[in-house]
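A look at the structure
One-letter residues, chain by chain:
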Amino acid sequence: MPTSVQVYLRAADLESHDFAKKAVLRKALEANPNSVTLWKAAIDLEDADDAKILLSVAVEKVPHSVEMWLALARLETYENARKVLNQARKHLPTERAVWIAAAKLEESQNHGDVVDRIVDKAVRSLDKHDAVVMRAQWLKEAEAAEAAGAPLTSAAIVKCTVGRGVDDEDRQRTWADDANAALARNAVATARAILAHGLAAFPTKRTLWLQAVDLERKHGTATSLDEVLEAASERLPRTEIFWLVRAKEKWLAGAVDESRSILTEAFKANPDSEPVWLAAVKLEWETGEIERARVLLARARERAPTARIYMKSALLERECRRFDEALELLEEGLRKYPTFAKMYMMGGQICSEDLTKDQIHLDRTRKFYQRGLQNCPNSVVLWCLASQLEERVAEYRSGSANAGVTKARSLLELARLKNAKNPELWLEAIRLERRAGNEKLAVSLMARALQECPTSGLLLAENISTSPRVEQKSKSADAIKRRPDDPRVIAAVAALFASERKHEKARKWYERAVKLDPDVGDSWAKWYAFELDAGKKEGREDLKQRCVAAEPKHGELWCRVSKAMPNRRKSTAEHLEAAAQNILATMQKLN
């Protein structure tokens, strides 16, 4: 069997020294000069210089082997590698790997313009020779090129092939899906190139621009994000979000003047835009330019008045402790926008929290809430604020605590009549009774509430945390069965594990809660409080960074802490600390 490749390979394996193995394989190649397997085995035993010599012979003997050509090109200098790949193209006109290798070679020499030409020529040449390469195969090649450190080659492949075989009406959707799929495989440059191609074809598609912005925010640099935002603003000047995000990024980077310039351009394109006015106000407000902010708000009330503009105007004056001016602005705003509940809330809060606690200000607060409830009977927060005010009448030296609780209870009953099946109102009534020491009535109300709102995560979570310890496991099982994906229920179960010192289980459930809805700040705060009590510093810092990245905006405790006037200018990290300390303080009182 003088031509048996396997026999020669086995014979080479039996030799213990490389020189003997080489002798066997040379003999084998004399008998089998067209065996790719033997050439590869022989080349593997040589150093770089000798391997180059063997490869130069191999490509003559087995010119159909793309591996040999590519291996030889890798070992050659740039000029010689170009010659090798040109020869390979002549012998293998339908092999795309040779063309892609040529593009990578040019990219390695920073010849970016040549890369595009090579890939374009490759696609046309393969079509000419009837080499069928599916669009999906080209995208795989693009991702492979990116993984090999050739992002320009990847982008060129995408540019030349991503539109092949796609119907015109399906292009936008298909390319958006392609980009998402590439990102899921961590092929960022490929996804970026797909979106760039999509935006070239659809320069006014907001969803594609948003996708590109999201990619740069998560995977790009500050410069690349700014470039995309600038391009989006130019293409879609009437879409405020791109102006606003760009201005915010500049502001966060400390470039306040650049941020102002961007907002000035945004004003030219959107002179009546409430978000642009408020962004300009916030920039001045947050940088300490209070008078500038005040002037901007005055102009906004003249040129583009809205309920939020009036509310922000009053909030500015409230923060500056100019309470009379704040109340005047609220009254003016309510005359124009009588159904905007937040202005009634702020008016009541100024009178009850910022001014002296006396009968005069109690009556003013009541009037704000009464007017609010007449015009906004479906505002749950207003009903709760009005109830809490009556509960605290003793603080204003106007009646007894018992009388206040009775009136608060009546208000909440009326609220539930007008807003049936509302879990927030039921919860406020339950907590009112607990604060008043009426535990049995609170338990009875909870049972009624769960009958009316059986799948309310808010009530189910409260039921877990306030039940006797012996009942908490069964309450948890019932809650998970009813609402398996509610972050409040999951966080309540995590807190139960934490109280039992089952730390790892608690962490897993807190992790699940924040993944279900990272916008709920209460989940982050409860987890952070747990880590403060039972975790390590490294874990706490990592958790804090994740919370800052998520930028939560909702949650009962979170909103109470973050919207408190002393905390208004504090960062997300500071809000997290404050909320966690609040939780720990409550736990200490209960213990």
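A brief look at the structure comes next. Keep in mind it's a predicted model, so treat the numbers as computed, not measured. (Residues numbered from 1 in each chain as written. Predicted model: local features only at pLDDT ≥ 70, side-chain atom pairs only at ≥ 80, totals over all residues. Heavy atoms only, no water.)

Quick notes on the overall build of the protein chain
If you tally the helices and strands in the protein chain, you get 34 helices and zero strands. By the burial criterion, 46% of the 591 residues in the protein chain qualify as buried. Put simply, 54% of the contacts in the protein chain that link residues at least 6 apart link residues at least 24 apart. With the model as given, the accessible surface of the protein chain reaches about 30800 Å², and the carbon-plus-sulfur share is 51%. (Helix = DSSP H or I, 4+ residues; strand = E, 2+ residues; numbered from the N terminus. Buried < 20%, exposed > 50% of the residue type's maximum accessible area, 1.4 Å probe, protein only. Contact = heavy atoms within 4.5 Å. Areas by Shrake-Rupley, 256 points an atom, 1.4 Å probe, with all protein chains shown as cover.)

Side note on empty space enclosed by the protein
Tallied over the entire structure, the rule returns one cavity of 30 Å³ or more. Each pocket or cavity is described by its volume, and for the largest cavity that value is around 30 Å³. Grouping the constituent residues of the lining of the largest cavity by class yields three nonpolar, one polar and two charged. (1 Å grid on protein atoms, 1.4 Å probe; cavity = no way out; pocket = protein on both sides within 12 Å on 5 of 7 lines; lining within 4 Å. Points joined across faces, edges and corners; volume = space filled by probe spheres on them. Nonpolar A, V, L, I, M, F, W, Y, C, P; charged D, E, K, R; others polar.)

What about the pattern of salt bridges?
With the rule as written, the count across this model stands at 50 salt bridges. One salt bridge in this structure joins Arg507 and Glu531, with 2.8 Å as the shortest N-O distance. Taken together, the positions of Arg507 in helix H30 (residues 503–516) and Glu531 in helix H31 (residues 521–534) put the pair 24 residues apart, joining distant regions of the chain. Under the relative-accessibility criterion, Glu531 is labelled buried at 4%. A salt bridge links Lys544 to Glu577, with the nearest nitrogen and oxygen atoms 2.9 Å apart. Taken as a pair, Lys544 in helix H32 (residues 537–550) and Glu577 in helix H34 (residues 572–590) lie far apart in primary sequence, 33 residues in all. (Salt bridge = Lys/Arg side-chain N within 4 Å of Asp/Glu carboxyl O.)

So, helix H11 (residues 171–184)
Taking 1.5 Å per residue, 14 residues should reach 20 Å; H11 reaches 20 Å between its end C-alpha atoms and fits that length. Within the span of H11, buried status applies to Thr174, Trp175, Ala176, Asp178, Ala179 and Ala182. The inward-facing, buried residues of H11 contact helix H9 (135–147), helix H12 (188–201) and helix H13 (206–219). Positive backbone phi, approximately 65 degrees, marks Asn186, located one or two places after H11. (Expected span 1.5 Å × (residues − 1).)

A look at the layout of surface pockets
Roughly 250 Å³ of volume is contained in the second largest pocket. As for the second largest pocket, its lining consists of 13 residues, and the residues nearest its centre are Arg82, Asn86, Arg89, Glu106 and Ile118. Of all the secondary structure elements, the ones that give two or more residues to the lining of the second largest pocket are helix H6 (78–91), helix H7 (96–108) and helix H8 (112–128). A class-by-class count of the residues in the lining of the second largest pocket yields seven nonpolar, one polar and five charged.

Comments concerning the packing of helix H25 (residues 423–435) against helix H26 (residues 439–452)
Between H25 and H26, whose axes approach to 8 Å, the crossing angle comes to 170 degrees. Compared by their axis directions, H25 and H26 come out roughly antiparallel. Contact residues: Trp426, Ala429, Ile430, Glu433 and Arg434 in H25; Glu439, Leu441, Ala442, Val443, Leu445, Met446, Arg448, Ala449 and Glu452 in H26. Grouping the constituent residues of the contact of H25 with H26 by class yields nine nonpolar, no polar and five charged. (Axes fitted to C-alpha atoms, helices over the stretch in contact; angles between N-to-C directions. Parallel < 35°, antiparallel > 145°, perpendicular 65-115°, else oblique.)

A few points about the environment of Val548
Checked against the element boundaries, Val548 lands in helix H32. Judged by its relative accessible area of 31%, Val548 falls in the partly exposed class. Sequence separation between Val548 and Trp524 is 24 residues; the distance between their C-alpha atoms is 9.9 Å.

A short note on the packing of H9 against H11
Viewed as axis vectors pointing N to C, H9 and H11 meet at an angle of 40 degrees, and their least axial separation amounts to 12 Å. With respect to H11, the axis of H9 lies oblique. The interaxial crossing formed by H9 with H11 has right-handed handedness. On the side of H9, the interface is formed by Arg135, Leu139 and Glu143, while H11 contributes Thr174, Trp175, Asp178 and Ala182. (Left-handed = near helix turned anticlockwise from the far one by under 90°.)

A look at the side chain of Glu428
Here Glu428 shows up in helix H25. Once residues lying within four places of it in the same chain are set aside, the contact partners of Glu428 are Cys384, Gln388, Leu412 and Arg435.

Observations regarding the environment of Asp517
Tracing the chain through its elements places Asp517 in the loop between H30 and H31. You can call Asp517 partly exposed: its relative accessible area is 29%. Along the chain, Asp517 and His554 lie 37 residues apart, while their C-alpha atoms are 9.9 Å from each other.

Topic: the nonpolar core
Ranked by internal contacts, the top residues of the largest apolar core, which has 108 residues, are Leu382 and Leu459. Sequence-distant contacts of Leu459, defined by excluding residues within four places in its chain, comprise Pro423, Trp426, Leu427, Ile430, Met446, Ala449, Leu450 and Cys453. Residues Val133, Leu199, Phe202 and Leu229 belong to the second largest nonpolar core, which totals 54 residues. (Core = buried A, V, L, I, M, F, W, Y, C linked by side-chain atoms within 4.5 Å.)

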